[in-house]
Amino acid sequence: MPDQLGDLARTHTCGALRASDVGADVVLLGWVHRVRDLGGVTFLDIRDRGGITQLVVRENDALMGVAKRLRSEFVVAARGIVQRRSEETVNSKLETGEVEVLVRELRLLNEAKTPPFQLAEDASVSEDVRLRYRYLDLRRPRLQHNIGLRHRTTMEIRKYFDASGFWEIETPILTKSTPEGARDYLVPSRVHPGEFYALPQSPQLFKQILMIGGADRYFQIAKCFRDEDLRADRQPEFTQVDVEVSFARAETIFQLIEPLMQRVFKLIGREVALPMRRLAYAEALSRYGSDKPDLRCGLEIQDFSEVFRESEFRVFRQIVAEGGAVRGIVLPKGNAYSRGQLDALVDQARQMGFAGLVWARPGEPPSSSVKAIGEASLRAAFARGSASRDDLLLLAAGGAEGVSKLLGQLRLHLAKKDGLLDPDRFEFLWVTDFPLLEYHAEDGRWYSMHHPFTSPHPDDWDKLETDPGAVRAVAYDLVLNGSEVGGGSIRIHDAALQARVFRRLGISEEEAKARFGFFLEALEYGTPPHGGIALGLDRMVAILAGESSIREVMAFPKTANAIDLMAGAPSGVDPRQLRELHLKTQN
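Computed from a prediction, not measured in an experiment: that's the story for all the values here. (Residues numbered from 1 in each chain as written. Predicted model: local features only at pLDDT ≥ 70, side-chain atom pairs only at ≥ 80, totals over all residues. Heavy atoms only, no water.)

A. Here's a closer look at the overall build of the chain. The number of helices and strands found in the chain is 16 helices and 22 strands. Counting only C-alpha atoms and orienting by the principal axes, one finds that the chain spans roughly 95 × 75 × 55 Å. Looking at the chain residue by residue over its 587 residues, the buried ones come to 47%. Contacts spanning at least 24 positions in sequence make up 67% of the contacts within the chain whose residues lie at least 6 apart. Taking the average location of the 77 positive side-chain charges in the chain and that of its 83 negative ones, the two points are 3 Å from each other. (Helix = DSSP H or I, 4+ residues; strand = E, 2+ residues; numbered from the N terminus. Buried < 20%, exposed > 50% of the residue type's maximum accessible area, 1.4 Å probe, protein only. Contact = heavy atoms within 4.5 Å. Lys, Arg positive; Asp, Glu negative; His and termini not counted. Charge placed at Lys NZ, Arg CZ, Asp CG, Glu CD.)

B. Layout of the sheet that holds strand S1 (residues 25–37). Spatial strand order, S1-S2-S3-S5-S4: 5 strands in a closed barrel with mixed pairing. On average, each strand axis in the sheet is tilted by 55 degrees relative to the strand beside it, whichever way the strands run. Examined bridge by bridge, S1 and strand S4 (residues 75–84) share 7 bridges and lie antiparallel to one another. Across the sheet, residue Trp31 finds its bridge partner in S4, namely Val75. (Pairing = 2+ DSSP bridges. Axes fitted to C-alpha atoms, helices over the stretch in contact; angles between N-to-C directions.)

C. Examining unusual backbone geometry more closely. Here the residue pair Leu274 and Pro275 is connected by a cis peptide bond, since its omega of -5 degrees sits within 30 degrees of zero. You can see Pro275 is positioned in the loop between helix H6 (250–265) and strand S11 (277–280). Going from Ala569 to Pro570, the amide bond is cis rather than trans, its omega being 0 degrees. With respect to the secondary-structure elements, Pro570 resides in the loop between helix H15 (537–545) and helix H16 (575–580). For Phe247, which is not glycine, the phi dihedral falls at a positive 60 degrees.

D. Looking closely at empty space enclosed by the protein. This model, assessed by the stated rule, comprises 2 cavities of 30 Å³ or more. Empty space within the largest cavity amounts to approximately 50 Å³. Lining the largest cavity, in full, are Leu131, Arg134, Phe556, Pro557, Asp564, Leu565 and Met566. Of the residues that constitute the lining of the largest cavity, the class distribution is 5 nonpolar, no polar and 2 charged. (1 Å grid on protein atoms, 1.4 Å probe; cavity = no way out; pocket = protein on both sides within 12 Å on 5 of 7 lines; lining within 4 Å. Points joined across faces, edges and corners; volume = space filled by probe spheres on them. Nonpolar A, V, L, I, M, F, W, Y, C, P; charged D, E, K, R; others polar.)

E. Seen up close, the pattern of salt bridges. Under the definition given, this model contains 45 salt bridges. Ionic pairing is found between Arg79 and Glu105, a salt bridge with its closest N-O pair at 3.4 Å. Of the two residues, Arg79 sits in strand S4 while Glu105 sits in strand S5 (residues 99–110), which places them 26 residues apart along the sequence. Residue classification places Glu105 among the partly exposed residues on the basis of a relative accessible area of 23%. Between Arg491 and Glu244 there is a salt bridge; the shortest N-O distance is 2.9 Å. One end of the pair, Arg491, is in the loop between strand S21 (483–490) and helix H13 (495–504); the other, Glu244, is in strand S10 (residues 237–246), with 247 residues separating them in the sequence. (Salt bridge = Lys/Arg side-chain N within 4 Å of Asp/Glu carboxyl O.)

F. Representation of the packing of aromatic side chains within the structure. Per the counting criterion, the structure on display carries 18 aromatic pairs. Seen in terms of ring centroids, Phe254 and Trp430 are 4.3 Å apart; in terms of plane orientation they differ by 35 degrees. Their pairing is tilted. Here Trp430 lies in strand S17 (residues 428–432) and Phe254 lies in helix H6, a separation of 176 residues in the sequence. Here Phe254 falls in the buried class, since its relative accessible area comes to 4%. In this structure Trp430 comes out as buried when scored by relative accessible area, which is 0%. Centre to centre, the rings of Phe453 and Phe516 are 5.4 Å apart; their planes meet at 90 degrees, and the pair counts as edge-to-face. (Phe/Tyr/Trp six-rings, centres within 6.5 Å; stacked < 30°, edge-to-face > 60°.)

G. Fine view of H15. Within H15, 9 of the 9 residues are buried, which leaves it mostly tucked inside the rest of the structure. Taken together, the buried positions of H15 are Leu537, Asp538, Arg539, Met540, Val541, Ala542, Ile543, Leu544 and Ala545. Phi turns positive one or two residues past the end of H15, at Gly546, with a value near 75 degrees.

H. Structural context of the environment of Val358. Looking at where Val358 falls in the secondary structure, it is placed in strand S14 (residues 358–361). On the basis of relative accessibility, which here comes to 9%, the residue Val358 falls in the buried class. In sequence terms Val358 and Ser368 are 10 residues apart; their C-alpha atoms lie 7.3 Å from each other.

I. Highlighting the packing of helix H4 (residues 141–163) against H15. At a closest axis distance of 10 Å, the pairing of H4 and H15 adopts a crossing angle of 120 degrees. As the angle between them shows, H4 and H15 are arranged oblique. Judged by the sense of rotation from one axis to the other, the crossing of H4 with H15 is right-handed. Facing H4, whose interface residues are Asn146, Leu149, Arg150, Thr153, Thr154 and Ile157, H15 presents Leu537, Asp538, Val541, Leu544 and Ala545. Across the contact of H4 with H15, the residue classes break down as 6 nonpolar, 3 polar and 2 charged. (Parallel < 35°, antiparallel > 145°, perpendicular 65-115°, else oblique. Left-handed = near helix turned anticlockwise from the far one by under 90°.)

J. Representation of the nonpolar core in the model. One finds Phe161, Val243, Ile257, Leu260, Met261, Leu478 and Leu535 to be the most contacted residues of the largest nonpolar core, which totals 43 residues. Ranked by the residues each element gives to this core, the list is headed by H6, at 9 residues. The residues contacting Val243, other than those within four sequence positions of it, are Phe161, Phe166, Lys207, Tyr218, Phe219, Leu256, Arg491, Gly532 and Ile533. Residues Phe434, Leu464, Val479 and Leu523 belong to the second largest nonpolar core, which totals 32 residues. (Core = buried A, V, L, I, M, F, W, Y, C linked by side-chain atoms within 4.5 Å.)

K. Up close: the layout of surface pockets. Reported here for the second largest pocket is a volume of approximately 870 Å³. Lining of the second largest pocket is provided by 31 residues; of these, Asp48, Arg49, Gly50, Gly51 and Pro141 occupy positions nearest its centre. Looking at the lining of the second largest pocket, the element that brings in the most residues is H4, giving 8 residues. For the lining of the second largest pocket, the per-class residue count stands at 8 nonpolar, 11 polar and 12 charged.

Right under this line is the structure:
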């Protein structure tokens, strides 16, 4: 039988003791991290979420009997006297490394099976095994650091919004299915046979109704759900920092969120410079080939179309004449690439979807992978791109947007390969003026690029029916190091304009009433102008922690296949439950 805790109460965590505590009588509680039995003396490293402290058990029949039974992950309680380690045994890798505890009382509170993997920080373990035994994985210092950072982040967010006059208000988890984009998770109702709730993809309609209801400033650390294909930065259930403000302009949201980012990044000792950069969607695509560009590496995409408009190189000249573009990247120090490296780069470009990638070196005379370009055109292109003798020019031609997107992929490939993405540098950017709508040729209709409650830009209202592709949205994304960490917009607050947007989306009046009737009626009762944003908490904390996957900052994530390996979900249910819900399954 294990010992009882009895009257022992923790005085310090296992990471708290310092040289100033020498001589103190302390009680530590935690897990055995490591045991070193040297015969007449046993050293125990004891661990909790605060850190690790070394215990010393000297020759004593009662204490040695307990110490020799201990193994890794046994749970223990120890009382003893803090003493200074000898100079040669100080462990500079531990914050507690100057001291140890000479044990006077030792209790074994619980034994443990041998873990399926080592809990040491540097142990290599497959993710599936870690998720199957998540309760063990959570004991590892890396995970405990990440979960602690997540806690501090959410606390900082709550303090900031409270000080800024916001109310935290909970919105429903069981709500109405209003599918638009990702699939809903549906929940059958037992008391209303054949009818279903949906788990919210976001609190969008409810936070807008809160503005109609006079809440004025709302935020919520909101759990959301989407039944969609997963990636490293996606989960079926995720957490967002949801924000809505009455009488807001886009600038209102920018000035609200920027100081919040400053406060959050101070948690990891980083300064965020304000104001953050702003870039329109069209310019972001043109200069970086992405609506979430990573600004750390430079490598801007430049337009060389005018250089080749009258060029002797017929291929580029014809593409420009037909309304296409010639665009490229100047790669600093790229002239040092060998011919083999250049061939590999061209092959990589083909795999990305390039019809062709042309490289050109400065020199006397300049050289290119395509001889027909001609020396005069090459010199003009180098001058246009401000390329030095050490640089390399990479060119591609075709439809302007398509070429920019491919070059955007290439610039990131080059940046990663050449080590241009400094992990300790954080570059924020607001991307603005997104298109309101995007056309899907497969079903011949327009869809909202964000959601159907996003306000069109007032200057573009007259184009909604005649030129919908040219209508800009009053929408904005917050981008950090190539990741979208937040997205929002100013909302439609006029019922007539909302009806126009629905018609443009092919949503009939009857369908709109069936899906959004409660909200449309609410709009008619004095809706203030309002707008907001949702910040991805999981993604934000992953960046703060230096993790590539949000699974590393969530206590209980699913796999990439949306499976909970620890709990065994999803799973079958008792046929009686299905009968009560009036459901049948099909194979």
